[in-house]
Amino acid sequence: MTRPDYAEKIPNNVGLAEDRRLQRALESWQPDFLSWWETMGPTLPTQDVYLRTAIDVRGEGWAQFGHVPMIDYRWGIFLADKNPDRKIAFGAHQGEPPWQKVPGEYRAELQRLIVIQGDTEPASVEQQRNLGATAPSLYDLRNLFQVNVEEGRHLWAMVYLLHAYFGRDGREEAEELLRRNSGSEDSPRILGAFNEETPDWLSFYMFTYFTDRDGKYQLGTLKESAFDPLSRTAEFMLKEEAHHMMVGTTGVDRVVERTAQVMVEQDTDDVAAYGAIPLDVIQKYLNFHYSVSLDLFGGETSTNVANYYTAGLKGRWLEERRKDDHRLTDDSIMVDALLEGTIGQVEVSALVGLNTDLRREYIADCAGGVKRWNRILADAGLAQRLYLPHVAFNRRVGAFASIEVSPSGEQLTVDEWRLRQGQWLPADTDKAFVRSLMQPVYQRGKIAAWVAPPRNGINGQPFDYDYVHLA
Ligand SMILES: [Fe+2]
Ligand SMILES: [Fe+2]
């Protein structure tokens, strides 16, 4: 195997060419990454894809567009520019300069946070690997692959931190990130939602809307980290994450738009016969992806997270915009709780309730999508609406894990839940129907019948651009 040329093959702004030790570490990891990509990455054979590649964090450098074979994608390592005036914004070290090295006392916790974030990145590539076979258009196919290569880059970003700052333990963890696999019986991915299937494009749009958005909020907390390299890495990842969110938001827009169109044209809710996805099926997919994504924020209270905050390891969403003392030692928050078996709230210290704080930011953001989709329905002259289900619906983590609740928040017995869950979560018949619509459309400018075309192409190109050349 010839040695990779780092400046060329691995675009970076971390001085890789001057760091022999880091070079060697990445050199031994890179072939494993590539063989992981070949065995667990996208299965559809392609010649090349119109991709955005980051070769710099500044100006136009972060978004270079061109047709590239995916295996030759230049997975780079980029940290946002160092801010020489930056001060730690919160916790016990508030006001001190950020750390350029890992403090010994926080080593284990920081490594854990990086591994958990790192684990989600390749997981989603694995979950989405077969979707190319059923892409509704070349435009969508290109967006899928863009998301995939960027999740691959996000894995590189986390592996860089592990290799550069965590020595041998870090290198072992980097190997493990390739060894665990989504849905594997023996070595699954760490978090539940990343072991679920993404078997169809409605799931893909919902995943990129709801689950990638969880990633946005987690990265937002890491961006505040006192460990400056982690902060700067997360900041740049957030920039790429915005595209994933756009794919989800506009993807669901387009499904709802097409459904609304057929509902109006045919004057019926039962659009399945016309090859569109009925609104109630869209709602079920929304219910599922929203509820499993809520679980990703963990329990309502967490002393670990309180300790991470006080130590400066991760902050709150938009920490610097919060108008409080950024230490929270005297503050409190109401969090969801089960009170004698019923849904309620309790007051806890603000530090212990930080997961709830982050989840609420996320929920408010999710509501924005529902509002958009409902505007599409309203504009079509339809009275039906989509909604976010109750926070206790279908939860497997946190205060409501032990109870069953309808989307409107009504508590149910286990038997009632069993009987009725098919009304609220995708049933086998719904999944089979959605899958039956998933026929690939690979002709330029053509699109599947269950989804509307996008309003804009990528990088100013038209919808009928040759975004992907199949092999
Ligand atoms: Fe990511
Ligand atoms: Fe993402």
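Conventions adopted
- Residues numbered from 1 in each chain as written.
- Chains lettered and ligands numbered in written order.
- Predicted model: local features only at pLDDT ≥ 70, side-chain atom pairs only at ≥ 80, totals over all residues.
- Heavy atoms only, no water.
- 1 Å grid on protein atoms, 1.4 Å probe; cavity = no way out; pocket = protein on both sides within 12 Å on 5 of 7 lines; lining within 4 Å.
- Points joined across faces, edges and corners; volume = space filled by probe spheres on them.
- Helix = DSSP H or I, 4+ residues; strand = E, 2+ residues; numbered from the N terminus.
- Nonpolar A, V, L, I, M, F, W, Y, C, P; charged D, E, K, R; others polar.
- Donors = N, O, S within 2.8 Å, 3.2 Å for Na, K, Ca; no water.
- Tetrahedral: all angles 85-135°; square planar, octahedral: opposite > 155°, others 65-115°.
- Pairing = 2+ DSSP bridges.
- Axes fitted to C-alpha atoms, helices over the stretch in contact; angles between N-to-C directions.
- Contact = heavy atoms within 4.5 Å.
- Buried < 20%, exposed > 50% of the residue type's maximum accessible area, 1.4 Å probe, protein only.
- Phe/Tyr/Trp six-rings, centres within 6.5 Å; stacked < 30°, edge-to-face > 60°.
- Lys NZ or Arg CZ within 6 Å of the ring centre and 35° of its normal.
- Patch = residues over 30% accessible without salt bridge, like charges linked within 9 Å, V, L, I, M, F, W, Y side chains within 5 Å.
- Areas by Shrake-Rupley, 256 points an atom, 1.4 Å probe, with all protein chains shown as cover.
- Salt bridge = Lys/Arg side-chain N within 4 Å of Asp/Glu carboxyl O.
- Lys, Arg positive; Asp, Glu negative; His and termini not counted.
- Charge placed at Lys NZ, Arg CZ, Asp CG, Glu CD.
- Expected span 1.5 Å × (residues − 1).

Brief notes about empty space enclosed by the protein
Overall, the coordinates contain one cavity of 30 Å³ or more when judged by the stated rule. Empty space within the largest cavity amounts to approximately 40 Å³. Every residue lining the largest cavity is listed: Gln127, Ala193, Glu196, Glu197, Thr198, Phe207, Thr211, Phe288, His289 and Val292. When contributions to the lining of the largest cavity are tallied by element, the ones reaching two or more residues are helix H6 (201-223) and helix H8 (279-295). For the lining of the largest cavity, the element with the most residues is H8, which contributes three residues. Looking at the lining of the largest cavity residue by residue, the class counts come to four nonpolar, four polar and two charged.

Focus on the layout of surface pockets
In this model, the largest pocket occupies a volume close to 670 Å³. Lining the largest pocket we find 35 residues, and of these Ile116, Leu191, Gln218, Leu296 and Lys314 sit closest to its centre. Of all the elements in the fold, those that place two or more residues in the lining of the largest pocket are helix H3 (107-127), H6, helix H9 (303-311) and helix H10 (354-379). With eight residues, the top contributor of residues to the lining of the largest pocket is H6. When its residues are assigned to classes, the lining of the largest pocket shows 14 nonpolar, 12 polar and nine charged.

Things to note about the coordination of the iron ion (ligand 2)
Protein coordination of the iron ion (ligand 2) is provided by Glu151 (OE), Asp212 (OD), Glu241 (OE) and His244 (ND1), with donor distances spanning 1.9 to 2.2 Å. Around the iron ion (ligand 2) sit four donor atoms; with metal-centred angles ranging over 89 to 168°, the donor geometry is irregular. The sequence pattern formed by the donor residues of the iron ion (ligand 2) is E-x60-D-x28-E-x2-H.

Re the sheet that holds strand E7 (residues 468-470)
If you trace the three strands from one edge of the open sheet to the other, you get E2-E1-E7, paired in antiparallel fashion. Looking along the sheet, the strands with just one partner apiece sit at the ends: strand E2 (64-68) and E7. Between one strand axis and the next, the sheet turns through 15° on average, direction left out of account. With three bridges connecting them, strand E1 (residues 46-53) and E7 associate as antiparallel partners. From the neighbouring strand, aspartate 48 faces E7, where its bridge partner is histidine 469. The sheet contacts of helix H4 (residues 138-165) involve E1, E2 and E7, and relative to E1 the element is tilted by about 65°.

Things to note about the coordination of the iron ion (ligand 1)
For the iron ion (ligand 1), the full set of protein donor atoms is Glu121 (OE), Glu151 (OE), His154 (ND1) and Glu241 (OE), and the range of their distances to it is 2.0 to 2.7 Å. For the iron ion (ligand 1), the single-chain donor residues occur in sequence as E-x29-E-x2-H-x86-E. Its relative accessible area of 2% is what places glutamate 151 among the buried residues. By relative accessible area, which is 0% here, histidine 154 ends up buried.

Concerning the pairing of strand E4 (residues 342-349)
Inspection of the sheet shows strand E3 (residues 332-339) paired to E4 by eight bridges, in the antiparallel sense. Bridging across to E4, valine 335 finds its partner in valine 346. Here E3 folds back onto E4, and the loop between the two strands holds two residues, one of which, glutamate 340, carries a positive phi near 50°.

Looking at the packing of aromatic side chains
Going through the model one piece at a time under the given rule, you end up with 35 aromatic pairs. Taking the centre distance of 6.0 Å and the plane angle of 65° together, the rings of tryptophan 201 and tyrosine 205 count as edge-to-face. Placement of both tryptophan 201 and tyrosine 205 in helix H6 is noted, with a separation of four residues, approximately one turn of the helix. With respect to burial, tryptophan 201 and tyrosine 205 carry one shared label: buried. Connected via pairs of aromatic rings, a cluster forms that spans Trp29, Phe33, Trp36, Trp37, Tyr73, Trp75 and Trp156. In this arrangement the basic side chain of arginine 213 is found over the ring face of tyrosine 209, its NZ or CZ atom lying 4.0 Å from the centre.

Looking at unusual backbone geometry
Phi at leucine 318 takes a positive value of approximately 50°, unusual for a residue other than glycine. Relative to the elements of secondary structure, leucine 318 occurs in the loop between H9 and E3. A positive phi is found at leucine 328, a non-glycine position, where the angle reads about 65°. Position of leucine 328 relative to the elements: it lies in the loop between H9 and E3. On the basis of relative accessibility, which here comes to 4%, the residue leucine 328 falls in the buried class.

Things to note about a negative patch on the surface
Residues Asp267, Asp269, Asp270 and Asp280 make up a contiguous surface patch of negative charge. If you trace the backbone, aspartate 270 turns up in the loop between helix H7 (228-266) and H8.

Comments concerning the pattern of salt bridges
Going through the model one piece at a time under the given rule, you end up with 26 salt bridges. In this structure, the salt-bridge partner of arginine 316 is aspartate 324, at a minimum N-O distance of 2.8 Å. Across the pair arginine 322 and aspartate 357 runs a salt bridge whose closest N-O atoms are separated by 2.9 Å. One end of the pair, arginine 322, is in the loop between H9 and E3; the other, aspartate 357, is in helix H10, with 35 residues separating them in the sequence. For the pair arginine 322 and aspartate 357, one class covers both residues: buried. Each of Asp119, Glu126, Arg180 and Arg189 takes part in a single network of salt bridges with overlapping partners.

A look at H3
Compared with the 30 Å implied by 1.5 Å per residue over 21 residues, the 31 Å span of H3 between its first and last C-alpha is a close match. In terms of burial, H3 is a largely internal element, 16 of the 21 residues being buried.

Note that all results are geometric; they support no functional claim without further evidence.
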